[in-house]
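For reference, the chains in residue letters:
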Amino acid sequence: MAGPSSPEFAAKLAKRMNIPLLAVTTTKFPDFETKYRFDEKLSGLEVFLVQSTYPPADTHYMELFLASHHLSQEGARVHAIIPYLGYARQGKAYLPGEIVSLGIIAHLLRSVGVNRVTTVDMHSAEGLALFSMPIYSVSAIPGLAKYVKESLRLTKPLVIAPDHGSQKRTDAFASLYGAESVHFTKKRDKITGRIKMETNKIQVKGRDAIIVDDVITTGGTIAAATELLRKYGAGRIVSACVHAVLLGETLDKLAKVGVDEIIGTNTVPSKVSKVDATEPLAAYLKTLAE
Ligand code: R5P
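The following paragraphs examine the structure supplied in this document. (Residues numbered from 1 in each chain as written. Predicted model: local features only at pLDDT ≥ 70, side-chain atom pairs only at ≥ 80, totals over all residues.)

Description of the pairing of strand E9 (residues 185–188)
Next up, step 1: By the bridge criterion, four bridges tie E9 to strand E10 (residues 195–198) in an arrangement that is antiparallel. Residue Arg188 lies in a different strand from E10, and its bridge partner there is Ile195.
Next up, step 2: Hairpin remark: E9 followed by E10, antiparallel, with six residues in the connecting loop; positive phi at Gly193, about 85°. (Pairing = 2+ DSSP bridges. Helix = DSSP H or I, 4+ residues; strand = E, 2+ residues; numbered from the N terminus.)

This is the structure:
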């Protein structure tokens, strides 16, 4: 079933898996409430409910909750496919009194009848542990590495992890690409959100750079990494991310600080969504069916 946020993604996934799309009509009331009408018998079906929860995350989650509850009440098994899992960065409390919102999302998904969740490049492994039902995160990093290698002619690229959380993903990207990787250190002020980025001296003069991250939202992380790379004399700078959330003027802002190219996947529909994340998803889902 295509949830309202992901009609193209769901159609591609269904095509790759050679399974039909569920007949459902979705409309919005004038005040933006969601209304569904299901046009076929649901009892006994195993439904892949595809709904990415990019901004507005709260609306996209509500659409997912309504559909899942109905499917499960009617006797279908619900496997939620959430290509971009919103709230994934709220998997722990950083300051006293903060809510671990991802834990509540996990609880709500369970209570509306979701039996299983599959996502793409979940922000952290810690977040997966908050779910009481089976959850699995497939990786779009191989697809991104292949695309960047085959489509951009980069000179001796250095692959950059802009923060601690992106190191594993970055090292996987570098190894698939056949390039060296380095790790920058990011400190974010927990109140203002302001970023400070540091690195040991790096040899990037005459070389291109690829910054790898799971998500770009405001672009603050990529901008800070780019400023350091420019200071050390990097050539072309490419940003490869899985989830191109790209709020507001982020693309312009990154172009201004000197990012030459941004490559993302279609977990979030955007101008830079060049890599198809339905490929690793379909490969994983097929293994479950076997
Ligand atoms: C942080 O840990 C994430 O991996 C991203 O680096 C971060 O959330 C990106 O956000 P922004 O684009 O606003 O810096």
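Notes on the sheet that holds strand E6 (residues 135–138)
Next up, step 1: In spatial order, the strands read E3-E4-E5-E6; together these four strands make up an open sheet with parallel pairing. Either end of the sheet is taken by a strand with one partner, and the two such strands are strand E3 (46–50) and E6. On average, each strand axis in the sheet is tilted by 20° relative to the strand beside it, whichever way the strands run.
Next up, step 2: Bridging between strand E5 (residues 114–120) and E6 involves four bridges; their strand directions are parallel. Considered in E6, the bridge of Val120 is made with Val138. (Axes fitted to C-alpha atoms, helices over the stretch in contact; angles between N-to-C directions.)

Section: the sheet that holds strand E14 (residues 273–275)
Next up, step 1: The strand order across the open sheet built from six strands is E8-E7-E11-E12-E13-E14, with neighbouring strands paired in parallel fashion. Every other strand in the sheet has two partners, leaving strand E8 (180–183) and E14 as the edge strands with one partner each. The average undirected angle you get between the axes of adjacent strands in this sheet is 35°.
Next up, step 2: Against the sheet, helix H6 (residues 167–177) touches strand E7 (158–161), E8, strand E11 (209–216) and strand E12 (237–244), its axis set at about 165° to E7. (Contact = placed C-beta atoms within 7 Å.)

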